[in-house]
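Spelled out from the first residue to the last, the chains are:
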Amino acid sequence: MNPLKQILSSASIVFTTMALACVPAVAASTWPSKPVRLIVPYPPGGGTDIVARLLSTELTKQLGQNVIIENRGGGNTIIGTGALSQAAPDGYTVGLITDSHVINPHIMKSLPYDTKSDFMAVSQLVDVPFVMVASRSLDVNTIDELVKKAKAEPGKINYASIGNGSPHYLAMEWFADVADIDIAHIPYTGVAPALTDIAGNQVELMFTGLSSGLPHVADGRMMALAVSSRDRSQSAPDVPTIAESGFPEFSFVTWYGIVAPKDTPVDIVDRLSKEIRTALSQPALKDRLTSLGVMAAPSSPAEFADFIEKSATQYEQIFAITNDANDASEKSASGGH
């Protein structure tokens, strides 16, 4: 080959390679140039949807592009999260996840995605502590009184949840383990009917979100015994924590966060994380979240990835506890065989 042609050919290859390498950077520098889709794997109207819409309003102002909520409920979040895993990794589709993301591998035989490798952490949004509520008929006002009564009457006190494997169920099973008490589980199809029965003295205990439980406490239909978080909630500052009620090892919160499909450019992920942290620092938004019984908890991508890992480990430990308890119950019912 002519030496000049060879030089030009080599230069062409180099420049082409450099141009291709610069494509993600160019895309990231212009992001967002069109609306961003935020998949919420729950139906409209619930807590996750409300938080997502509050966030999208702030992000739309900050980014100069609409952040559009797309509700894809069903399958215990699997439908919406599955759609996110198949989305183009260009920063224009992101998704909300909750602790169901790390619970599902324990309760589903298979998932259409890998919870660890198919997503990139962007930022945590909020912590969602529970409050333990009790019926008036139970006649207890504190965790100490509850534990003493449960020990005196093993298996007699019952509690509601929204089903085996739900955070409501897992939190109560973990509490029963650390308190060394025997209480009976009654699953419900939803929070509302469970709380109706607690108010009507049909069932006696439940862990539920602050926003759903506190109104019933305020109108005197049930008691708030404790919150599940490490620290007291700003939404209920007079309600003690379980940790300060004699069980310092107990700390349980559910959570919401934002993730992107794997291979989304890192600088877009970092930019979106920064914008989320800015949005959640706005006093008006923080106050609105507190009124909903949740606490703003923005984080960097690395911090959120670490948080997800720790949450997964905690749920593994809780599932081990509940499985051991179920095995023991089955052996007892079958005469120990």
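Parameters and conventions
- Numbering of residues begins from 1 in every chain and follows the order in which that chain's sequence is written.
- With the structure being a predicted model, the display of local features is reserved for residues of pLDDT at least 70 and the display and counting of side-chain atom pairs for 80 or more, all residues being used for whole-chain, interface and lining totals.
- In computing side-chain values, all of the structure's heavy atoms are included and hydrogens and water are not.
- UniProt positions are given in the numbering used here, feature names are shortened, and annotations may be inferred rather than shown by experiment.
- Every helix listed is a DSSP run of H or I at least four residues long, and every strand listed is a run of E at least two residues long, numbered separately from the N terminus.
- Residue contacts are counted whenever heavy atoms from the two residues lie within 4.5 Å of one another.
- Two aromatic rings, drawn from Phe, Tyr or Trp (for Trp, its six-membered ring), form a pair once their centres lie within 6.5 Å of each other, and the interplanar angle then sorts them: stacked below 30 degrees, edge-to-face above 60, tilted otherwise.
- Any residue under 20% of the maximum accessible area for its type is buried, any over 50% is exposed, and the rest in between are partly exposed; the area is computed with a 1.4 Å probe on protein chains only.
- When DSSP locates at least two bridges between a pair of strands, those strands are taken to pair.
- Side-chain atoms within 4.5 Å link the members of a nonpolar core, which is a set of buried Ala, Val, Leu, Ile, Met, Phe, Trp, Tyr and Cys residues.

- The name recorded for the protein in an unreviewed UniProt entry is Tripartite tricarboxylate transporter substrate binding protein, from Achromobacter denitrificans.
- Here the protein is described in UniProt, under the heading Sequence similarities (unreviewed entry), as follows: "Belongs to the UPF0065 (bug) family."

**Considerations on unusual backbone geometry**
Logical step 1: The omega angle of the peptide bond from Trp31 to Pro32 is -5°, so this bond is cis rather than trans.
Logical step 2: Looking at the element boundaries, Pro32 is found in the loop between helix H1 (3-30) and strand E1 (36-40).
Logical step 3: Even without being a glycine, Asn76 presents a positive backbone phi close to 55°.
Logical step 4: With respect to the helices, strands and loops of the structure, Asn76 is situated in the loop between strand E2 (67-71) and helix H3 (78-85).
Logical step 5: For Asp263, which is not glycine, the phi dihedral falls at a positive 75°.

**A closer look at the environment of Ala236**
Logical step 1: Within the secondary structure layout, Ala236 lies in the loop between strand E8 (222-227) and strand E9 (253-261).
Logical step 2: Separated by 105 residues in the primary sequence, Ala236 and Val131 place their C-alpha atoms 9.2 Å from one another.
Logical step 3: Apart from residues lying up to four places away in sequence, Ala236 is in contact with Leu210 and Leu214.

**Focus: the packing of aromatic side chains**
Each aromatic ring pair is specified by the distance between its two centres and by the angle formed by the two planes.
Logical step 1: One pass over the structure, following the stated rule, counts eleven aromatic pairs.
Logical step 2: Judged by centre distance (6.2 Å) and plane angle (10°), the rings of Phe207 and Phe250 are stacked. Pair noted here: Phe207 is in strand E7 (residues 205-209) and Phe250 is in the loop between E8 and E9, with a separation of 43 residues, a long-range link.
Logical step 3: Take Phe207: its relative accessible area is 0%, and that puts it in the buried class.
Logical step 4: Residues Trp255 and Phe307 carry aromatic rings whose centres are separated by 5.5 Å and whose planes lie at 80° to one another, so their mutual orientation is edge-to-face. Highlighted residues: Trp255 in strand E9 and Phe307 in helix H11 (residues 301-333), separated in sequence by 52 residues.

**Overview of the pairing of E9**
Here is the key point about a regular strand: its side chains alternate between the two faces of the sheet.
Logical step 1: Most of E9 sits inside the fold, with nine of its nine residues counted as buried.
Logical step 2: Here strand E4 (residues 119-135) runs beside E9; their pairing, made up of nine bridges, is antiparallel. Looking across to E9, one finds that Gln124 is bridged to Gly257.

**A short note on the nonpolar core**
Logical step 1: Judged by nonpolar contacts, the single largest core of 49 residues is most densely connected at Met132, Ile143, Leu146, Phe175 and Leu205.
Logical step 2: Broken down by element, the residue count for this core peaks at nine residues, all from helix H6 (residues 167-179).
Logical step 3: Among residues more than four places away in sequence, those in contact with Ile143 are Met132, Phe175, Leu225, Ala226, Ile242, Ser245 and Phe247.
Logical step 4: Leu55, Ile69, Val128 and Leu285 belong to the second largest nonpolar core, which has 32 residues in total.

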